[in-house]
Amino acid sequence: LSGHSAPLSKSDQTLENNLTNLVKRNSELENQMAKLIQICQQVEVNTAMHEAKLVEECDELVEIIRQRKQVIAVKIKESKVMKLRKLAQQIANCRQCLERSSALITQAEHSLKENDHARFLQTARNVAERVAMATASSQVLIPDVNLNDAFDTFALDFSREKKILEGLDYLTAPNPPSIREELCTASHDTITVHWSSEDEFSVISYELQYTIYTGQANFISLYNSVDSWMIVPNIKQNHYTVHGLQSGTRYVFFVKAINQAGSRNSDPARLKTNSQPFKLDPKTAHKKLRLSNDCLTMEKDESSLKKSHTPERFSSTGAYGAAGNVFIDSGCHYWEVLLGASTWYAVGVAYKSAPKNEWNGKNSSSWVFSRCNNNFMVRHNGKEMLVEASLQLRRLGVLLDYDNNALSFYDAMNSQHLHTFDISFLLPVVPTFMIWNKSVMILSGLPVPDFVDCPEQQEGVCRPQESPYGSSMKGCH
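Note that the structure is predicted; figures quoted are calculated from it, not measured.

Asks: Would you mind showing me how to read the UniProt feature "coiled-coil region" (unreviewed entry) in the protein here?
Replies: The UniProt record annotates "coiled-coil region" (unreviewed entry) at residues 12-46. When the span residues 12-46 is considered, its composition is 100% helix and 0% strand, and the gap between its end C-alpha atoms is 50 Å.

What follows is the structure, encoded as structure tokens:
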């Protein structure tokens, strides 16, 4: 062969690539084999450790049995001595009574042989008295024979212990527990988690782990990567209530069952808290609004009631408003408004500083969804934009995601998204409600419904494509 290096042909290139892949594969196999050999060595080490532990534990059990054998044997001997001592005393008493009775019998027989009648009467009377006394005393001195004194009621019953010893085996980690989502309950700041376990009697304790659900679909990756897991250790029962959670927020929960051999995790469960409950605040209600006793319904009432005017009270002309009794500065909250027959209303949120003498949405401190007869619109800072909605809209859903700077409105009956405000919240906000006719009812403290979810919300909030705000609609003024 000459030393000339000719260019590689296509087949040569393919061969070289296959050779490279084969070398790489061989290297991977060598690494895999090395790991398997290392595991084999570890098996040998662990087996020797467990065998030594087995001998140690069994020797300890044998020693315990030996010690108990000695203790019980001593108890048997002590009981024997006590019973024999008692029986010996009874035998001595019986012998003493027998000797006295025999002496009286002999004396009575001699008296019967007396020929002198006078001496016989005297002796017989004396003997009769002593026999009567001896008979009476013998009833007291001679004890009843008790069969228990024979020590035949004592028993050595180790059947339970034998069953336990026959069941000796090495312990394995418990089977994974199962979170019972149908039994779990929630409030606006708590979740009570329930779970079951097939190995309940072998579990020493449970450990509950949870974190806010970020939308990550791969739970294994989530479990291994998130550093913000909260851990509740040493739980003895099959349920636990977690306090201090964010309102309207999804959480991921795991339950770990633990014993001496190790632990295993349950499958993950996604559970969510309810929204912050609230009612209408009577101190903010327009003087021509009538609130129900439970402060959940507001109704237009033209008859002016004697209500004092305060800066907190809505006072806009021709628009009757009221605010909720909470200020929200974090979390995710959902409430619904039952609109009834009302065809003129405005629902939204506002800062505390929003003017009370003008309609909500006419300033930079309030955002509302509004209906003006047959027109639906959203309004903020005096600008309005038409929104498509059904004239049959009867339940308006409001989702305030404060942490993600979003305020969304939904047709709750039809699970339809209507509009989302993208807001950079600077201050706490309060729910607000205005009506021009009829009445509306508030439902708060609800769980965030599943229909508000969308792919975009896994990393934030749904942002629908919106046209710019249109000009003010004079027909609604």
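Now that the structure has been shown, the text picks up again.
Asks: For this particular structure, what's the right way to read the sheet that holds strand β10 (residues 289-291)?
Replies: One open sheet accounts for seven strands, arranged β10-β11-β22-β13-β18-β19-β20; its pairing is antiparallel. Only two strands of the sheet have a single neighbouring strand rather than two, namely β10 and β20 (416-422). Strand-to-strand twist across the sheet, computed as the mean angle between neighbouring axes with direction ignored, equals 20 degrees. Where strand β11 (residues 297-300) lies against strand β22 (residues 439-443), three bridges are found, and the strand directions are antiparallel. Counted as the bridge partner of Thr297 is Met441 from β22.

Asks: Got a minute to help me understand the pairing of strand β16 (residues 375-380) in this structure?
Replies: Sheet faces and side chains relate simply in a regular strand, where the side chains alternate between the two faces. Within β16, five of the six residues are buried, leaving the element largely enclosed by the surrounding structure. Note: strand β15 (residues 366-372) against β16, six bridges, orientation antiparallel. Of the residues in β16, the one forming a bridge with Trp367 is His380. Connecting β15 to the antiparallel partner β16 that follows it, the hairpin turn spans two residues, and Asn373 within it adopts a positive phi of roughly 60 degrees. Sheet topology places β16 next to strand β17 (residues 383-386); four bridges connect them, and they run antiparallel. In the strand pairing of β17, Met377 is matched with Leu386.

Asks: Explain the pattern of salt bridges to me, please; I cannot follow it from the model alone.
Replies: Pairing between side chains becomes possible if they bear opposite charge and their charged atoms approach one another. The full count for this structure, using the stated rule, is 13 salt bridges. In this structure, Glu161 and Arg160 form a salt bridge, with 3.1 Å as the shortest nitrogen-oxygen distance. Across the pair Lys256 and Glu207 runs a salt bridge, and its minimum N-O distance is 3.7 Å. Taken as a pair, Lys256 in strand β7 (residues 250-259) and Glu207 in strand β4 (residues 205-212) lie far apart in primary sequence, 49 residues in all. This pair shows no difference in class: Lys256 is buried, exactly as Glu207 is. In the salt-bridge network here, residues are joined through shared partners; they are Arg250, Lys272 and Asp450.

Asks: Help me understand the side chain of Ser205, please; the structure alone is not making it clear to me.
Replies: Within the element layout of this structure, Ser205 appears in strand β4. The exposure class assigned to Ser205 is buried, which follows from its relative accessible area of 9%. When residues no more than four places from it in sequence are discounted, the contact partners of Ser205 are Asn234, Ile235, Lys236, Lys256, Ala257 and Ile258.

Asks: Explain helix α1 (residues 10-112) here, please?
Replies: Because each turn of an α-helix spans 3.6 residues, side chains separated by three or four positions in sequence point in the same direction. If you check α1, its first and last C-alpha atoms are 148 Å apart, about what 103 residues at 1.5 Å a residue would give, namely 153 Å. Buried residues of α1: Ser79, Lys83, Gln90, Cys97, Leu104 and Ser111, and no others.

Asks: So what exactly am I meant to see when it comes to a nonpolar patch on the surface here?
Replies: A grouping of Leu61, Ile64, Ile65, Leu165 and Leu168 is seen on the molecular surface, where their side chains present a nonpolar patch of about 420 Å² in accessible area. Looking at the nonpolar patch element by element, the count peaks at three residues for α1. With respect to the helices and strands, the residue Leu165 is situated in helix α3 (residues 159-166). The exposure class assigned to Leu165 is partly exposed, which follows from its relative accessible area of 37%.

Asks: What is the right way to read unusual backbone geometry from this model?
Replies: Most peptide bonds take the trans configuration, and most residues that are not glycine carry a negative phi. A positive phi angle is found at Cys295, which is not glycine, with a value near 60 degrees. For Cys295, the location among the structural elements is in the loop between β10 and β11. The class for Cys295 is buried, based on a relative accessible area of 16%. Positioned with a positive phi, Asn405 is a non-glycine residue whose angle comes to about 60 degrees. Among the secondary structure elements, Asn405 is positioned in the loop between β18 (395-401) and β19 (406-411).

Asks: Got a minute to help me understand the state of the cysteines in this structure?
Replies: Within the structure shown, the criterion is met by zero disulfides. Here Cys97 stays unpaired: no disulfide links it, and the sulfur of Cys94, its closest cysteine neighbor, is 6.6 Å away.

Asks: I would appreciate a short explanation of the packing of aromatic side chains in the present structure.
Replies: Given two aromatic rings, one states the distance between the centres and the angle between the planes to describe the pair. On inspection of all chains with the given rule, the structure shows 16 aromatic pairs. Centroid distance Phe409 to Phe421: 6.2 Å. Interplanar angle 80 degrees. Geometry classified as edge-to-face. Here Phe421 lies in strand β20 and Phe409 lies in strand β19, a separation of twelve residues in the sequence. Both residues of the pair, Phe409 and Phe421, belong to the buried class. One aromatic cluster in this structure is built from Tyr351, Trp367, Tyr402 and Phe425. Sitting over the ring of Phe314, Lys356 keeps its end group 5.7 Å from the ring centre. Geometry around Trp359 places Lys362 over its ring, the cationic atom sitting 5.1 Å from the centre.

Conventions we followed
- Residues numbered from 1 in each chain as written.
- Predicted model: local features only at pLDDT ≥ 70, side-chain atom pairs only at ≥ 80, totals over all residues.
- Heavy atoms only, no water.
- UniProt positions renumbered as here; feature names shortened; annotations may be inferred.
- Helix = DSSP H or I, 4+ residues; strand = E, 2+ residues; numbered from the N terminus.
- Pairing = 2+ DSSP bridges.
- Axes fitted to C-alpha atoms, helices over the stretch in contact; angles between N-to-C directions.
- Buried < 20%, exposed > 50% of the residue type's maximum accessible area, 1.4 Å probe, protein only.
- Salt bridge = Lys/Arg side-chain N within 4 Å of Asp/Glu carboxyl O.
- Contact = heavy atoms within 4.5 Å.
- Expected span 1.5 Å × (residues − 1).
- Patch = residues over 30% accessible without salt bridge, like charges linked within 9 Å, V, L, I, M, F, W, Y side chains within 5 Å.
- Areas by Shrake-Rupley, 256 points an atom, 1.4 Å probe, with all protein chains shown as cover.
- Disulfide = S-S within 2.5 Å.
- Phe/Tyr/Trp six-rings, centres within 6.5 Å; stacked < 30°, edge-to-face > 60°.
- Lys NZ or Arg CZ within 6 Å of the ring centre and 35° of its normal.

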